[in-house]
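Residue-level structure breakdown
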Amino acid sequence: MTAPTAPRAASGDSAAAGAWTRRGPVDLPGPEGDNSIAREPLWYAYGAGDDAPEAPPWTWVPQPPPDTHVPPPPPRGGGPREPLPLGTHDRLAALPYPALPGPLGSADRPAAEPVADRLGRALVTAFGPQRREPENPYNDHRPYASPRCLFPVHAFVDGGAGMPWRLLEPDRHALTGAPAAPARNVVLTGRYTSVPPAYQWFRGSLIAIELGFVLRALSLGLELFDVPARLRLPGPDAHRLLPALGLDDAWAWSLPFVVELDGEEGHAPPEPPAQEGHAPTEPPDHLPRTDPALAALIRVNREQTYDGAAAPLTTAVPADLAPSAIAPDWAELLWRRHSGRMPRALHGMSGRRRTVPAEALDSAARWLSVPPPGPELTAAFEALKVTAVVQGVTGRTDGVHLLRDGAAHLLRADPTAPRRLEERYGYGLSPVNGCGIHDAPLTVFLSVRTRELFERLGTAGWGAVQHAAGWAAHGLCLSAAASGLFARPVRAFKEIPTQRVLGLDPDEMIVLSVVVGVPQDTGGALLDLRL
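Described below are features of the structure shown in this document.

What counts and what doesn't
- Residues numbered from 1 in each chain as written.
- Predicted model: local features only at pLDDT ≥ 70, side-chain atom pairs only at ≥ 80, totals over all residues.
- Heavy atoms only, no water.
- Helix = DSSP H or I, 4+ residues; strand = E, 2+ residues; numbered from the N terminus.
- Contact = heavy atoms within 4.5 Å.
- Areas by Shrake-Rupley, 256 points an atom, 1.4 Å probe, with all protein chains shown as cover.
- Phe/Tyr/Trp six-rings, centres within 6.5 Å; stacked < 30°, edge-to-face > 60°.
- Buried < 20%, exposed > 50% of the residue type's maximum accessible area, 1.4 Å probe, protein only.
- Pairing = 2+ DSSP bridges.
- Expected span 1.5 Å × (residues − 1).
- Core = buried A, V, L, I, M, F, W, Y, C linked by side-chain atoms within 4.5 Å.
- Axes fitted to C-alpha atoms, helices over the stretch in contact; angles between N-to-C directions.
- Parallel < 35°, antiparallel > 145°, perpendicular 65-115°, else oblique.
- Left-handed = near helix turned anticlockwise from the far one by under 90°.
- Nonpolar A, V, L, I, M, F, W, Y, C, P; charged D, E, K, R; others polar.
- 1 Å grid on protein atoms, 1.4 Å probe; cavity = no way out; pocket = protein on both sides within 12 Å on 5 of 7 lines; lining within 4 Å.
- Points joined across faces, edges and corners; volume = space filled by probe spheres on them.

**A look at the overall build of the protein**
In terms of helices and strands, the protein carries 14 helices and 20 strands. Long-range contacts, defined as pairs at least 24 residues apart, comprise 77% of the intrachain contacts of the protein with a sequence gap of at least 6. Surface accessibility of the protein: about 19,800 Å² in total, with carbon and sulfur atoms responsible for 55%.

Below you can see the structure in the form of structure tokens.
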């Protein structure tokens, strides 16, 4: 996933300030360089009711380039290591795409594996490394997109009844921690300090979006291996669970999602251990001085709580999809998902102009119509508006389309839209960077009116809509793979002029974008890491 570079000064799109909304003339977020990093905290403040939000003073503090960031080492579980089951790739290769297998004991699945093995296979399906690309500056590659392949979201598994948590270590193909016990819950949480400080407040959104990616990836794995589960979103006391995961820096992690596996209530979080100075989940005292953006985004994350009960995981896959000539089975689909490749360790994405069949657009619209589980995430999902710039799709008019209810609806014919989008992208074509937007058959934008979102869901709507956008975008990534295309989630478009290309109103915030392109063959090696 690509996000914008460090904030810069305002670029002259000042017409958006003082624009009209349904509430009358107000100072909408902007024109802070129409840069997503600078505008994010303004959008949050505007959604919460501030009609004249101002950029925090740390917005303009210079940051080191993202490439200089050294993330903390990944967490490593203590105690014995339990290998995950081998042969998951072979099981996935035996499952034709896009069909979903029947429940265990049915005609197409007469043999039942133990639930622990089925859970292990679901975890491998969701998190397991797929390949290494030696010429790619970012490795390794999993079945879902992640900014700079950092994979800041981690999974922990417990046995219920107060049993210790075990860490999923995908690179070691194992669950680590003692003692091993039948799994009852999977916890998903993201580490903010894994993301470069140059992303400032946007680190919070990157983690929240990736939680949406991971939730759909895990839901798919559980569905393919018939492991029923429920999702429990963070409640008011969710922060108490973080220290129990064995994290030394629990304050730097997002509020956890709990996926309950056996249909029973997950165990109550244990009391956090006593700690000198500050609570284990509160930022250290020095953080507001040394990294005020990080301290602010953690404070906002701790407000993203819900009061609802756990909700059953629903399907991650749209019904009645057409078969794919590119990906005949689920193993091939996950292998083919990628974000666009460049040769010789160059950055960005390369693409080529080619007419694509209407099925590619139809499939994308259908994958984008499947809601996430639970009423809160579904409400946020329904608040998202999906707009796409389309070109070179058989039988469809080049221009701006609205994707809704599993179909594409033409809003405005405009063959110049892809070129104008590329001009407003933060990582343009250069000797060291590729940019395939001008040639992309489909560029999708997920947007929301934050004021209306907050009125409906409160401040928790901020996190919910990021999760919902990640869930939707991961579906689009799988759809693209089935069509032989790449899909690159990005947040590097300059927001104000992009609103104008799409015909969005000034009070519509772009949550996430995905560039869907025709890949170039770079000739680079793809090293198979699947087990």
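Text resumes after the structure shown.
**Description of the packing of aromatic side chains**
For the structure on display, the rule yields 13 aromatic pairs. Ring centres 6.2 Å apart and planes at 90 degrees place the aromatic pair Phe 127 and Tyr 144 in the edge-to-face group. Separated by 17 residues along the polypeptide, Phe 127 in helix H3 (residues 115-127) and Tyr 144 in the loop between strand E4 (131-132) and strand E5 (153-158) bring together distant segments of the chain. Taking relative accessible area as the criterion, Phe 127 reaches 2% and is therefore assigned buried.

**Details of the sheet that holds strand E3 (residues 81-83)**
Pairing between sheet strands relies on hydrogen bonds along the backbone, with the strands arranged either parallel or antiparallel. Overall, antiparallel pairing links the eight strands, which are arranged E3-E7-E6-E5-E8-E10-E9-E11 in an open sheet. The sheet is open, and its two borders are formed by E3 and strand E11 (311-312), each paired with just one other strand. Pairing of E3 with strand E7 (residues 174-176) involves three bridges; the strand directions are antiparallel. Among the inter-strand pairings, Pro 83 is bridged to a residue of E7, identified as Ala 174.

**Examining unusual backbone geometry**
The amide bond that connects Tyr 97 to the next residue, Pro 98, takes the cis arrangement and shows omega of 5 degrees. Counting through the fold element by element, Pro 98 comes out in the loop between helix H2 (88-93) and H3. Put simply, Asn 139 and Asp 140 share a cis peptide bond, and its omega is -10 degrees. Position of Asp 140 relative to the elements: it lies in the loop between E4 and E5. Phi at Asp 320 takes a positive value of approximately 60 degrees, unusual for a residue other than glycine. Along the chain, Asp 320 turns up in the loop between E11 and helix H8 (330-336). By relative accessible area, which is 69% here, Asp 320 ends up exposed. Of note in this structure, Arg 344 is not a glycine but carries a positive phi near 55 degrees. Checked against the element boundaries, Arg 344 lands in the loop between H8 and strand E12 (347-348).

**Overview of helix H13 (residues 460-482)**
With 23 residues, H13 ought to run about 33 Å at 1.5 Å a step, and its terminal C-alpha atoms sit 34 Å apart, in line with that. Where burial is concerned, most of H13 is hidden: 23 out of the 23 residues are buried. Gly 484 occupies a position one or two residues after H13 and carries a positive phi of about 75 degrees.

**A closer look at the nonpolar core**
Core analysis: the largest hydrophobic core is formed by 129 residues, its most contacted members being Phe 127, Val 186, Leu 188, Leu 222, Val 259, Trp 330 and Leu 442. The dominant element in this core, judged by the number of residues it contributes, is H13, at 15 residues. One finds Tyr 425, Ile 437, Val 501 and Leu 504 within the second-largest nonpolar core, a separate group that totals 20 residues.

**Considering the packing of helix H10 (residues 375-383) against helix H12 (residues 450-457)**
For the pair H10 and H12, interaxial distance at closest approach is 11 Å and the crossing angle is 160 degrees. In terms of their interaxial angle, H10 and H12 are classed as roughly antiparallel. Where H10 crosses over H12, the handedness of that crossing is right-handed. Mapping the contact onto sequence places Glu 376, Ala 379, Ala 380, Glu 382 and Ala 383 in H10 and Leu 453, Arg 456 and Leu 457 in H12. In the contact of H10 with H12, the residues fall into five nonpolar, no polar and three charged.

**A few points about empty space enclosed by the protein**
Evaluated as defined, the whole model comprises seven cavities of 30 Å³ or more. In this structure, the largest cavity occupies an estimated 200 Å³ of space. At the level of secondary structure, the elements contributing two or more residues to the lining of the largest cavity comprise helix H4 (202-224), helix H7 (292-301) and H13. For the lining of the largest cavity, the element with the highest residue contribution is H4, accounting for five residues. Taken as a whole, the second largest cavity spans an internal volume of roughly 70 Å³. Taken together, 13 residues line the second largest cavity, and the ones lying closest to its centre are Ala 360, Leu 361, Leu 442, Leu 485 and Val 516. Along the lines of polarity and charge, the residues of the lining of the second largest cavity split into eleven nonpolar, two polar and no charged.

**Concerning the sheet that holds strand E13 (residues 385-390)**
Ordered by their spatial adjacency, six strands build an open sheet running E15-E14-E13-E17-E19-E18, and the pairing between neighbours is antiparallel. Either end of the sheet is taken by a strand with one partner, and the two such strands are strand E15 (407-413) and strand E18 (486-490). The sheet shows a mean angle of 25 degrees between the axes of neighbouring strands, direction not considered. Note that strand E17 (residues 442-448) and strand E19 (residues 509-517) share seven bridges and pair antiparallel. Among the inter-strand pairings, Val 444 is bridged to a residue of E19, identified as Val 514.

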